[in-house]
Amino acid sequence: MASARLARLHGLFAAYKPPGLKWKHLRDTMELQLLKGLNAGKPPAPEQRVRFLLGPMEGSEKKELTLTATSVPTLTSHPLVRGPAFTSLRVGVGHRLDAQASGVLVFGVGQGRRLLTEMYNAHLTKAASAPGHGNPGSHLEGGPLTGSQDYTVRGLLGKATDDFCEDGRLVEKTTYDHVTREKLDRILAVMQGSHQKALVMHSNLDLKTQEAYEMAVRGLIRPTNKSPMLIIGIRCLHFAPPEFLLEVQCMHETQKQLRKLVHEIGLELKTTAVCTQVRRTRDGIFTLDDALLRTQWDLHSILDAIQAAAPRVAAELEKSLRPGLDTQQVPSPRWPGDSEGPSSALGLESDVGH
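Residues numbered from 1 in each chain as written. Predicted model: local features only at pLDDT ≥ 70, side-chain atom pairs only at ≥ 80, totals over all residues. Heavy atoms only, no water.

Trainee: So what exactly am I meant to see when it comes to the overall build of the protein chain here?
Mentor: Helix and strand content of the protein chain: nine helices and 13 strands. Here the protein chain, with 354 residues, has 45% of them falling under the buried criterion. Put simply, of all contacts in the protein chain between residues at least 6 apart along the chain, 70% involve residues at least 24 apart. Entry remark: accessible area of the protein chain is about 19,100 Å², with carbon and sulfur atoms responsible for 52%. (Helix = DSSP H or I, 4+ residues; strand = E, 2+ residues; numbered from the N terminus. Buried < 20%, exposed > 50% of the residue type's maximum accessible area, 1.4 Å probe, protein only. Contact = heavy atoms within 4.5 Å. Areas by Shrake-Rupley, 256 points an atom, 1.4 Å probe, with all protein chains shown as cover.)

Laid out in structure tokens, this is it:
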């Protein structure tokens, strides 16, 4: 039973990382829970071996001893002797979250550790319109592709700290009565426009060509090399001074850069602002609905999550490998175990490091 579960333990799944927990601790917890589930199964019946045991001869009045062939279990394979059957299991981590941030954190186990690399090398983003066209933030309503992440970022107007966090060392306090929702939306639109131009620049595409324009419309523009943080879309979800809530879709970001973004927005509004929360709501194809809660960090729930995500992961990889095809023309995806699925095409291995 444990071997059968281990054979199915290949793929990607997401968990919800609470604030205050380091990603390494969460990864170690996942490894521990998986090993605990694999070793919790009923151990196989011990092997039997024939031994000649010395004992009294039956039917003899004299106290004569004789050797009798007897079948006894082999204790060398007993769990109390050899220890647990599974002692190590490597789990890979996708885009990391720092200790203060929370939200979706993607893990890969077995062949999924190689899939993590393939997924995040795709760098795909999704926009509803070409850069510089359409309404700001409208692309957030579309179906995003791999490589970009969605965050909700909470800000607080009126003060600045040394690390852009609410609990940092206070540097300055300012007034914010002049700040309105219209001014904030205008600042966000300008930021989004400048970052979309930067995305085109880092993609090395000439938008005057028909092919580049079609890629922009379909959301297939992506940076060819390493780039600074790129904001694909940003909009205000809630505004109740001094608090406000932003939705940000971005690439190549760190949570510290998102906190600094709140600080920069405050400066553009002629005031100051600190970040009170960074929460990742989507990482590639994984959303909050896919993320396992703390009560679901067990082998059974993880196996179910891997199986549920497998078709979407395979389809996304197929789409990134063949971006020129329309999604309706892409053959139905396969998964490890099929003869010609993405795993065999990509040469996936189960012993890849983090």
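Picking up where we left off.
Trainee: How do you make sense of the packing of aromatic side chains when you look at a structure like this?
Mentor: Centre-to-centre distance and the angle between the planes together describe a pair of aromatic rings. In total, this model carries one aromatic pair according to the counting rule given. With centroids separated by 5.5 Å and ring planes inclined at 20°, the aromatic side chains of F13 and F107 adopt a geometry described as stacked. You can see F13 sitting in strand β1 (residues 11-17) and its partner F107 sitting in strand β5 (residues 102-109), a full 94 residues away along the chain. Since its relative accessible area comes to 0%, F107 is described here as buried. In this structure, R312 packs its charged tip against the face of F286, placed 6.0 Å from the ring centre. (Phe/Tyr/Trp six-rings, centres within 6.5 Å; stacked < 30°, edge-to-face > 60°. Lys NZ or Arg CZ within 6 Å of the ring centre and 35° of its normal.)

Trainee: Is there a simple way to explain the state of the cysteines in this structure?
Mentor: Throughout this description, disulfide means a covalent bond between two cysteine sulfur atoms. The final tally for this structure, using the stated rule, is zero disulfides. Left without a disulfide partner, C165 is nearest to the cysteine sulfur of C275, which lies 6.4 Å away. The class for C165 is buried, based on a relative accessible area of 5%. (Disulfide = S-S within 2.5 Å.)

Trainee: Can you walk me through the environment of T87 in this structure?
Mentor: Within the secondary structure, T87 sits in the loop between α3 (79-82) and β4 (91-93). Separated by 51 residues in sequence, T87 and K36 place their C-alpha atoms 9.3 Å apart.

Trainee: What exactly am I supposed to notice about the pattern of salt bridges here?
Mentor: Between side chains of opposite charge, a pair can form as their charged atoms come close. Counted by the stated rule, this structure contains eight salt bridges. With its nearest N and O atoms 3.9 Å apart, the salt bridge here joins D162 to R169. Among the salt bridges present, the one from E247 reaches R235, with a minimum N-O distance of 2.7 Å. Of this pair, E247 sits in strand β10 (residues 243-251) while R235 sits in strand β9 (residues 230-240), and the two are twelve residues apart along the sequence. When its relative accessible area of 26% is taken as the criterion, R235 is described as partly exposed. (Salt bridge = Lys/Arg side-chain N within 4 Å of Asp/Glu carboxyl O.)

Trainee: How should the pairing of strand β6 (residues 149-157) be read in this particular structure?
Mentor: Looking down a regular strand, the side chains alternate between one sheet face and the other. Burial analysis of β6 places eight of its nine residues in the buried class, the great majority of the element. When β6 meets β10, the two strands line up antiparallel, connected through eight bridges. Within the sheet, the bridge partner assigned to Q149 lies in β10 and is C250. Summarising the sheet, β6 and strand β11 (residues 273-283) pair through nine bridges and their orientation is antiparallel. Residue pairing in the sheet places V153 in a bridge with V278 of β11. (Pairing = 2+ DSSP bridges.)

Trainee: Looking at this structure, I do not really get helix α7 (residues 255-268). What am I missing?
Mentor: In an α-helix, one turn spans 3.6 residues, which is why side chains three or four residues apart end up on the same side. Taking 1.5 Å per residue as the helical rise, α7 with its 14 residues ought to reach 20 Å, and the 20 Å between its terminal C-alpha atoms agrees with that figure. Inspection of α7 places Q255, L258, R259, L261, V262, H263, I265 and G266 among the buried residues, and these make up the whole buried set. Against the buried residues of α7 lie β6, α5 (181-203), β9, β10 and β11. With its phi angle positive at about 60°, K270 sits one or two positions after the end of α7. (Expected span 1.5 Å × (residues − 1).)

Trainee: Teacher, can you tell me more about a negative patch on the surface here?
Mentor: A contiguous patch of negative charge, built from D163, E166, D167 and E243, is present on the exposed surface. On the secondary structure map, D167 appears in the loop between β7 (159-161) and β8 (170-173). (Patch = residues over 30% accessible without salt bridge, like charges linked within 9 Å, V, L, I, M, F, W, Y side chains within 5 Å. Lys, Arg positive; Asp, Glu negative; His and termini not counted. Charge placed at Lys NZ, Arg CZ, Asp CG, Glu CD.)

Trainee: I keep staring at unusual backbone geometry and nothing clicks. Help me out?
Mentor: The phi torsion of most residues other than glycine is negative, and most of the peptide bonds are trans. Across the junction of P241 and P242, the peptide omega takes the value 10°, indicating a cis bond. With respect to the helices, strands and loops of the structure, P242 is situated in the loop between β9 and β10. Within the chain, F164 stands out as a residue other than glycine whose phi angle is a positive 70°. By the element assignment, F164 lies in the loop between β7 and β8. Assessed through its relative accessible area of 15%, F164 is described here as buried.

Trainee: What exactly am I supposed to notice about the packing of α5 against α7 here?
Mentor: Each packed pair of helices is defined by two parameters, the angle between the axes and the distance between the axes. Interaxial distance between α5 and α7 falls to 10 Å at its minimum, and their mutual angle equals 120°. Between α5 and α7, the interaxial angle falls into the category oblique. Every pair of crossing elements has a handedness; the one defined by α5 and α7 is right-handed. Facing α5, whose interface residues are L184, I187, L188 and M191, α7 presents L261, E264, I265 and E268. (Axes fitted to C-alpha atoms, helices over the stretch in contact; angles between N-to-C directions. Parallel < 35°, antiparallel > 145°, perpendicular 65-115°, else oblique. Left-handed = near helix turned anticlockwise from the far one by under 90°.)

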